[in-house]
Amino acid sequence: MTAPKKLFIKTYGCQMNVYDSERMAEALGGQGYIETQSAEDADMILLNTCHIREKAAEKVYSELGRFRGLKAANPDLKIGVAGCVAQAEGEEIMRRQPLVDLVVGPQSYHRLPEMEAKTRAGEKALDTDFPEEDKFEKLKARPKAKRGPTAFLTVQEGCDKFCAFCVVPYTRGAEVSRPVDRILTEARDLVERGVREITLLGQNVNAYHGAGPDGDWSLARLIWALNDVDGLERIRFTTSHPNDMADDLIEAHADCPKLMPYLHLPVQSGSDRILKRMNRSHTAESYLRLIERLRAARPDLHMSGDFIVGFPEETEQDFQDTLALVEAVQYGSAFSFKYSTRPGTPAAERPQVDEAEKDDRLQRLQALLTRQQRALQDAMVGREVGVLFEKPGRLPGQMVGKSDYLHAVHVDSDVVVPGDLARVRILSSGPNSLAGEVLPR
Ligand code: SF4
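Small disclaimer: the values here were computed from a predicted structure and weren't measured. (Residues numbered from 1 in each chain as written. Predicted model: local features only at pLDDT ≥ 70, side-chain atom pairs only at ≥ 80, totals over all residues. Heavy atoms only, no water.)

Next up on the list: the overall build of the protein. Scanning the protein for helices and strands turns up 15 helices and 21 strands. Its C-alpha atoms give the protein a radius of gyration of 23 Å, within 12% of the compact-globule value 22 Å for 441 residues. With the C-alpha coordinates aligned to their principal axes, the bounding extent of the protein is approximately 60 × 60 × 50 Å. Relative to its full complement of 441 residues, the protein shows a buried share of 55%. Across the protein, contacts joining residues at least 24 apart in sequence account for 71% of those joining residues at least 6 apart. About 19,400 Å² of surface is accessible on the protein, with carbon and sulfur atoms providing 52% of the total. In the protein, 58 side chains carry a positive charge and 67 a negative one; their mean positions are 3 Å apart. (Helix = DSSP H or I, 4+ residues; strand = E, 2+ residues; numbered from the N terminus. Rg over C-alpha atoms; globule rule 2.2 N^0.38 Å. Buried < 20%, exposed > 50% of the residue type's maximum accessible area, 1.4 Å probe, protein only. Contact = heavy atoms within 4.5 Å. Areas by Shrake-Rupley, 256 points an atom, 1.4 Å probe, with all protein chains shown as cover. Lys, Arg positive; Asp, Glu negative; His and termini not counted. Charge placed at Lys NZ, Arg CZ, Asp CG, Glu CD.)

Set out below in structure tokens:
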């Protein structure tokens, strides 16, 4: 029997990349690869890259340079680049860094086995097409490996919105939704393998419109169908665009028992002037009205958001409008960044805000968001919440899980094990997590 080959995947960026890395490992599993946590003993290294940060491509080149010694020590080592930088840079990667054997864009992962075979034959392999075939269908899972209690499931990819700061429409292509039956089959398979919570992923997930047995289904219909999957206890979805928050999805937040009371709904700015320049096609007011409707449907809904400060031409008044919107919403969690240019996007060409000013605005915004997050977390003390336990904590006898609202929760208990969903009374609130006690069933 030949020894398995070892695969080291380094994943950058979003949850969709985490999901894609799992699928790539499964695809290469069919070629006799098992995963390793160390680049040093790998037969193949894959960097699954993200284009969202400033100088993303340069960072990938410098990371690749670090593998020179490994390749010299093991000439059979194959090095590949996947993800959004692979899509954006294409052949240029192999030209600038001859160590690279394989470049694969996010739409072509199902072709990895044949690409890997090509590299073993001593050739370079490049595929950054946007093929018509369904890559998910072609990505064959390994036989029923046990999974942890939570999993991502990609239902939609790509985006047609063309926000002025974002590379996704260029790197992931146009919006595509997977058919309903394939998603339900994958969800049942995940549940059989131990998964109890599924987060549906898409760059624009609430624009989902996959083919169902009787025409296209909305995301809400898909969620209701998943609600009927026995053994699945929780459903989440991310990332949403305010303009695609359809009535049936708002209603699902009121009525669908397994849909969790947490919604990540990026707004990016509270200034209509900046939102227009960002090509966001919603206003601060329409966003706030939407949140009112969502909270009317589900009063305890925890909101999460994304913010960009220092977008080109943002004035102090524009920034004040963002702070006012944050005050109005009261976020349970948020991600905030300084604007950084992404080559090829419209905003990269515009007059930029001074870096020190961006730093100052980011600090002020984050201070406000942290206060809100902490206040909402502290308000959980004394309440009973559902917690899905995921793994042992750092201390002996400790278990860690996530609340319905996505707070990290610790308990001291020898009763619960990973995969248990229990009622927990929250006893205290720390900087980043809650502590509680498991209540009798
Ligand atoms: S909606 Fe999201 S993914 Fe689409 S262009 Fe805008 S920021 Fe990018």
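Domain assignment breaks the protein into domain 1 (5–127), domain 2 (135–308) and domain 3 (384–438). Just the C-alpha atoms count here: the centres of domain 1 and domain 2 sit 28 Å apart. Taken together, the contact between domain 1 and domain 2 spans 21 residues of the former and 24 residues of the latter. Both sides together, the interface formed by domain 1 and domain 2 hides about 2,000 Å², and carbon and sulfur atoms give 59% of it. (Domains from an automatic or database assignment. Buried area = accessible area lost by both parts, 1.4 Å probe.)

Turning next to the nonpolar core. Among the nonpolar cores identified, the biggest contains 58 residues, and Leu200, Phe237 and Tyr331 are the most heavily contacted of them. Counting residues in each nonpolar core, the second largest holds 22 residues, with Ala39, Leu70, Leu77 and Ala86 among its members. (Core = buried A, V, L, I, M, F, W, Y, C linked by side-chain atoms within 4.5 Å.)

Contacts to the ligand come from Cys159, Lys161, Phe162, Cys163, Phe165, Cys166, Val168, Pro169, His241 and Arg280. For the shell around the ligand, the per-class residue count stands at seven nonpolar, one polar and two charged. (Near = heavy atom within 4 Å. Nonpolar A, V, L, I, M, F, W, Y, C, P; charged D, E, K, R; others polar.)

On to the packing of aromatic side chains. Tallying each qualifying case throughout the model produces four aromatic pairs. Between Phe307 and Tyr331, the aromatic rings sit 5.3 Å apart at their centres with planes inclined by 90°, giving edge-to-face as the arrangement. Of the two residues, Phe307 is situated in strand S15 (residues 302–309) and Tyr331 in the loop between helix H14 (316–329) and strand S16 (333–338); the sequence distance between them amounts to 24 residues. An identical accessibility class is assigned to Phe307 and Tyr331; each is buried. Here the aromatic cluster, defined as three or more aromatic residues joined through ring pairs, consists of Phe165, Phe311 and Tyr339. Over the ring of Tyr19 we find Arg23, and its NZ or CZ is 4.4 Å from the ring centre. Over the face of the ring belonging to Tyr61 we find Arg96, whose NZ or CZ atom lies 3.8 Å from the ring centre. (Phe/Tyr/Trp six-rings, centres within 6.5 Å; stacked < 30°, edge-to-face > 60°. Lys NZ or Arg CZ within 6 Å of the ring centre and 35° of its normal.)

That bond from Thr238 to Thr239 is cis: its omega, 5°, falls within 30 degrees of zero. In this structure, Gln268 is a non-glycine residue whose phi angle is positive, near 75°. If you trace the backbone, Gln268 turns up in the loop between strand S14 (262–264) and helix H12 (272–277). Residue Gln268 is classed as buried on the basis of its relative accessible area of 7%.

The strand order around the closed barrel formed by five strands is S17-S18-S19-S21-S20, and the pairing between neighbours is mixed. Neighbour to neighbour, the strand axes of the sheet diverge by 50° on average, direction disregarded. Bridge count between strand S19 (residues 408–412) and strand S21 (residues 433–438): four bridges; the pairing is parallel. Bridging across to S21, Ala408 finds its partner in Ser433. (Pairing = 2+ DSSP bridges. Axes fitted to C-alpha atoms, helices over the stretch in contact; angles between N-to-C directions.)

Another point: the pattern of salt bridges. The full count for this structure, using the stated rule, is 40 salt bridges. One salt bridge in this structure joins Arg178 and Glu186, with 2.9 Å as the shortest N-O distance. One exposure class covers both Arg178 and Glu186, and it is buried. Note that Asp247 is salt-bridged to Arg293, the shortest N-O span being 2.8 Å. Taken as a pair, Asp247 in helix H11 (residues 247–255) and Arg293 in helix H13 (residues 284–297) lie far apart in primary sequence, 46 residues in all. Accessibility expressed as a relative area gives 46% for Asp247, which makes it partly exposed. One salt-bridge network, held together by shared partners, links Glu22, Arg23, Glu26, Arg147, Asp189 and Arg193. (Salt bridge = Lys/Arg side-chain N within 4 Å of Asp/Glu carboxyl O.)

Adjacent strands of a sheet pair through backbone hydrogen bonds, lying either parallel or antiparallel. Here six strands make up an open sheet; going across it, the order is S2-S1-S3-S4-S5-S6 and the pairing parallel. In the strand order of this sheet, the two ends are held by strand S2 (33–35) and strand S6 (125–127), each with one partner. The average angle at which neighbouring strand axes cross in this sheet is 20°, direction not considered. As paired elements, strand S1 (residues 5–11) and S2 share three bridges and run parallel to each other. Residue pairing across strands places Lys5 opposite Tyr33, the latter belonging to S2. Relative to the sheet, helix H2 (residues 56–65) contacts S1, strand S3 (44–49) and strand S4 (78–82), its axis offset from that of S3 by approximately 165°. Lying over the sheet, helix H6 (residues 112–120) contacts S1, S2, S3, S4, strand S5 (102–104) and S6, oriented at roughly 165° with respect to S5.

Two numbers describe a pair of packed helices, the interaxial angle and the distance between the axes. In contact at an axis separation of 11 Å, H13 and H14 are set at 10° when each is read in the N-to-C sense. The orientation of H13 with respect to H14, classified from their angle, is roughly parallel. Between H13 and H14, the residues in contact are Ala284, Tyr287, Leu288, Ile291 and Arg295 and Leu325, Ala328 and Val329, respectively. Taken together, the residues of the contact of H13 with H14 sort by class into seven nonpolar, no polar and one charged. (Parallel < 35°, antiparallel > 145°, perpendicular 65-115°, else oblique.)

On to the state of the cysteines. Counting across every chain of the model gives zero disulfides. No disulfide involves Cys84; its sulfur sits 6.4 Å from the nearest other cysteine sulfur, which is in Cys50. Overall, the relative accessible area of 9% leaves Cys84 in the buried class. (Disulfide = S-S within 2.5 Å.)

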